[in-house]
Amino acid sequence: MPDAEFEELLARAAQEGAKRALADAGLDGEEAAMDVRDLRALLDCIRFVRRTAVQTTVHLVTTGIILALLAGIALKLRIFGPGG
């Protein structure tokens, strides 16, 4: 078998394998490109939500620590306690 014919056979086999893999994954047909774009957009949203959740957690922990420090200072200085 000549090399050119073998290369052509190999390219056709790869193309058919790729088509079959996409069909098995449900990404074949006319709307496949839109489906892939939707999946990418969904992944971007998941990454954004994860990043926002981490930032919110850091903000809450930081605010809690600051409030605890302020409460400790207020108690130490007896700002809210009886006597003066």
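Enquirer: Please set out the environment of Arg37 residue by residue, giving values where relevant.
Expert: With respect to the helices and strands, Arg37 occurs in helix H2 (residues 32–76). By relative accessible area, which is 54% here, Arg37 ends up exposed. As a C-alpha pair, Arg37 and Ala68 span 31 residues in sequence and 47 Å in three-dimensional space.

Enquirer: With reference to specific residues and values, describe the pattern of salt bridges.
Expert: Oppositely charged side chains may form a pair once their charged atoms are brought near each other. Going through the model one piece at a time under the given rule, you end up with two salt bridges. Between Arg12 and Glu8 there is a salt bridge; the shortest N-O distance is 3.9 Å. Taken as a pair, Arg12 and Glu8 lie in helix H1 (residues 3–24) at a separation of four residues, close to a single helical turn. Owing to a relative accessible area of 49%, Glu8 belongs among the partly exposed residues under this scheme. Of the charged contacts in the structure, one is a salt bridge between Arg47 and Asp44, with a shortest N-O distance of 3.2 Å. Of the two residues, Arg47 and Asp44 are both situated in helix H2; the distance of three residues between them amounts to about one turn of the helix. The partly exposed category is assigned to Arg47, whose relative accessible area is 47%.

Cut-offs used in this document
- Residues numbered from 1 in each chain as written.
- Predicted model: local features only at pLDDT ≥ 70, side-chain atom pairs only at ≥ 80, totals over all residues.
- Heavy atoms only, no water.
- Helix = DSSP H or I, 4+ residues; strand = E, 2+ residues; numbered from the N terminus.
- Buried < 20%, exposed > 50% of the residue type's maximum accessible area, 1.4 Å probe, protein only.
- Salt bridge = Lys/Arg side-chain N within 4 Å of Asp/Glu carboxyl O.

Honestly, that's just the spatial picture; any functional story needs more than this.
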